[in-house]
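# Coordinates in review
Residue strings, one per chain:
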Protein chains: 2
Amino acid sequence: MSDTYHHGNLRQALIEAGIRIINEQGEEALSLRKVAAACEVSHAAPYAHFKDKEELLAAMKSSVTEQFTAKLEQAVEGADGASAAGAEQKILAMGRAYISFFSHNPDYFTFLFGKQKLVAHLRMDEDHEEDYPPFKLLKTVFRQYLKESGRALSPAEQEVGLIKIWSSVHGMAALACMAGVETTIDWEQIKLQ
Amino acid sequence: MSDTYHHGNLRQALIEAGIRIINEQGEEALSLRKVAAACEVSHAAPYAHFKDKEELLAAMKSSVTEQFTAKLEQAVEGADGASAAGAEQKILAMGRAYISFFSHNPDYFTFLFGKQKLVAHLRMDEDHEEDYPPFKLLKTVFRQYLKESGRALSPAEQEVGLIKIWSSVHGMAALACMAGVETTIDWEQIKLQ
DNA sequence: ATTTGCATCTTGACACTGTAAAGATTATGC
DNA sequence: GCATAATCTTTACAGTGTCAAGATGCAAAT
């Protein structure tokens, strides 16, 4: 009868509608039923594509993380051409892009990091292949930096160094994004060692 | 009729039952009705003491934060008597206590910091009196340290220094507590400057 | 001592949530 | 063209937070 019984691309539409809702009303206000309604579909339709509410949330996070990673990669590439300053400049560029991304989409910050899952990715043991992509990128650039500066750090020391950089930048992005805090921090004051 | 119509100290009982539930089943599983049931009280009884579910949650967090702060203060005092090493030792002792506290109560970590509200307290402008108490403590000790070492930092630089210390230790506590990550990091490798 | 007022607690109701089961509708492979 | 699978709707159920109206007990005022 109706020629719109099948949505066509409901899965993607649900992900996008979910992200939109989070940006407009916050994560608290997100319900499966609202997402379904936003796609003009019955409240149980999402279950054809996602086992859970959590599975939809995960897909949404995946999508936002892709955007995030793309910005970081782009920053690294941009710092490559400019001067021949090397890895240190790349790290600084990443930091700038990191903060910039969440300044432009403050709700993404709490969405991605709200449950503090990020730190679970902050480990270097056994060369995880399934690292959190943005962190993996930093890891690569950081190793480059170590090689350039001729420093030889133990794995444990590398871990500490990475955590220092990451958590500092992360903390400042949080500062800048949340609770309406305007910070005048010149974050590049943070030295790499 | 019944001699237990009035509970006696329901408010405190609700807070404690709530914390117990979070420790046993996680924050997701906490509902007002469960907390009420745990106190053998009807499902709407909490509304005599808390306007909201959120207000109960806030009271619970307050309670846990008090325990947390007490441990930190205790560590600072302990480091005072030992050697005459001064503020640097105090900072290190605080870091140790920080990690120790959450290692012993892993669920408190996500409970307190789950929503990332902590960073909202990480600002030094205009000498906030209503600082997050543990952070306020670090602030005090840090200033002591600066005075001792004869360094003169601008407010912005102080802010950066504090964030470096706090977020690094925080990140490592997260590493140690969550996702079953056992870390062998010797966190004292983190230098204060 | 009785009454009055107030804090506390119960009962019942409402809208909303996630999720499951059963059936309708459309697309797809043979 | 038909069977099968994928997609979507309808209906239902147990939980949830919250509110309103009433029951209960305590404490102060008369």
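### Points about the overall build of chain A
Looking only at helices and strands, one finds 7 helices and 0 strands in chain A. Traced from its N-terminal end to its C-terminal end, chain A shows the element sequence α-α-α-α-α-α-α. Taking all 193 residues of chain A together, the buried fraction comes to 48%. Sequence-distant contacts in chain A: of pairs separated by 6 or more residues, those separated by 24 or more amount to 63%.

### Section: the packing of aromatic side chains
Across all of its chains, the model carries 0 aromatic pairs over all chains by this definition. Just above the ring of Phe111 of chain A sits the side chain of Lys61 of chain A; from NZ or CZ to the centre is 5.5 Å.

### Observations regarding helix α1 (residues 10-25) of chain B
All names here are of chain B. With 16 residues, α1 ought to run about 22 Å at 1.5 Å a step, and its terminal C-alpha atoms sit 21 Å apart, in line with that. For α1, every residue scored as buried is listed here: Leu10, Ala13, Leu14, Ile15, Ala17, Gly18, Ile19, Ile21 and Ile22. After α1 finishes, the residue Gly26 shows a positive phi value of roughly 85°.

### Considering the pattern of salt bridges
Residues and elements named next belong to chain A. A full pass over the atoms with the stated rule returns 2 salt bridges over all chains. The shortest N-O distance in the salt bridge between Lys51 and Asp52 comes to 3.0 Å. Note on Lys51: relative accessible area 59%, which makes it exposed.

### Considering unusual backbone geometry
Not every positive phi belongs to a glycine, and Glu40 of chain A is a case in point at roughly 55°. Tracing the sequence through the fold places Glu40 of chain A in the loop between α2 (32-38) and α3 (53-81).

### Considerations on the nonpolar core
If you look at the biggest cluster of nonpolar residues, it comprises 34 residues, and the most contacted ones within it are Leu56, Met60 and Phe102 of chain A. Looking at this core, the elements that each hand over two or more residues are α1 (10-25), α2, α3, α4 (87-104) and α5 (106-113) of chain A. Ignoring anything within four residues of it in the chain, the contact list for Met60 of chain A reads Ile15, Gly18, Ile19, Ile22, Leu30 and Phe111 of chain A. Counting residues in each nonpolar core, the second largest holds 33 residues, with Ala13, Ala17, Cys39 and Met94 of chain B among its members.

### What to know about the environment of Ile15 of chain A
Residues and elements named next belong to chain A. Considering the arrangement of structural elements, one finds Ile15 in helix α1. Accessibility expressed as a relative area gives 5% for Ile15, which makes it buried. Ile15 sits 41 residues away from Leu56 along the chain, and the two C-alpha atoms are 6.9 Å apart.

### Quick look at the environment of Val64 of chain B
With respect to the helices and strands, the residue Val64 of chain B is situated in helix α3 (residues 53-81). Once you skip the residues sitting within four places of it in the chain, Val64 of chain B turns out to touch Ile19, Phe101, Tyr108, Phe111 and Leu112 of chain B.

### Quick look at the confidence of the model for chain A
All names here are of chain A. Residues with a pLDDT of 70 or more make up 55% of chain A, whose mean pLDDT is 71. Confidence, read as mean pLDDT per element, is least for helix α7 (residues 155-177) in chain A (58) and greatest for α2 (98). Confidence drops under a pLDDT of 50 for residues 174-193, and excluding neighbours within four residues, the segment shows 46 contacts in the predicted structure.

Parameters and conventions
- Residues numbered from 1 in each chain as written.
- Chains lettered and ligands numbered in written order.
- Predicted model: local features only at pLDDT ≥ 70, side-chain atom pairs only at ≥ 80, totals over all residues.
- Heavy atoms only, no water.
- Helix = DSSP H or I, 4+ residues; strand = E, 2+ residues; numbered from the N terminus.
- Buried < 20%, exposed > 50% of the residue type's maximum accessible area, 1.4 Å probe, protein only.
- Contact = heavy atoms within 4.5 Å.
- Phe/Tyr/Trp six-rings, centres within 6.5 Å; stacked < 30°, edge-to-face > 60°.
- Lys NZ or Arg CZ within 6 Å of the ring centre and 35° of its normal.
- Expected span 1.5 Å × (residues − 1).
- Salt bridge = Lys/Arg side-chain N within 4 Å of Asp/Glu carboxyl O.
- Core = buried A, V, L, I, M, F, W, Y, C linked by side-chain atoms within 4.5 Å.
- pLDDT = per-residue confidence, 0-100.

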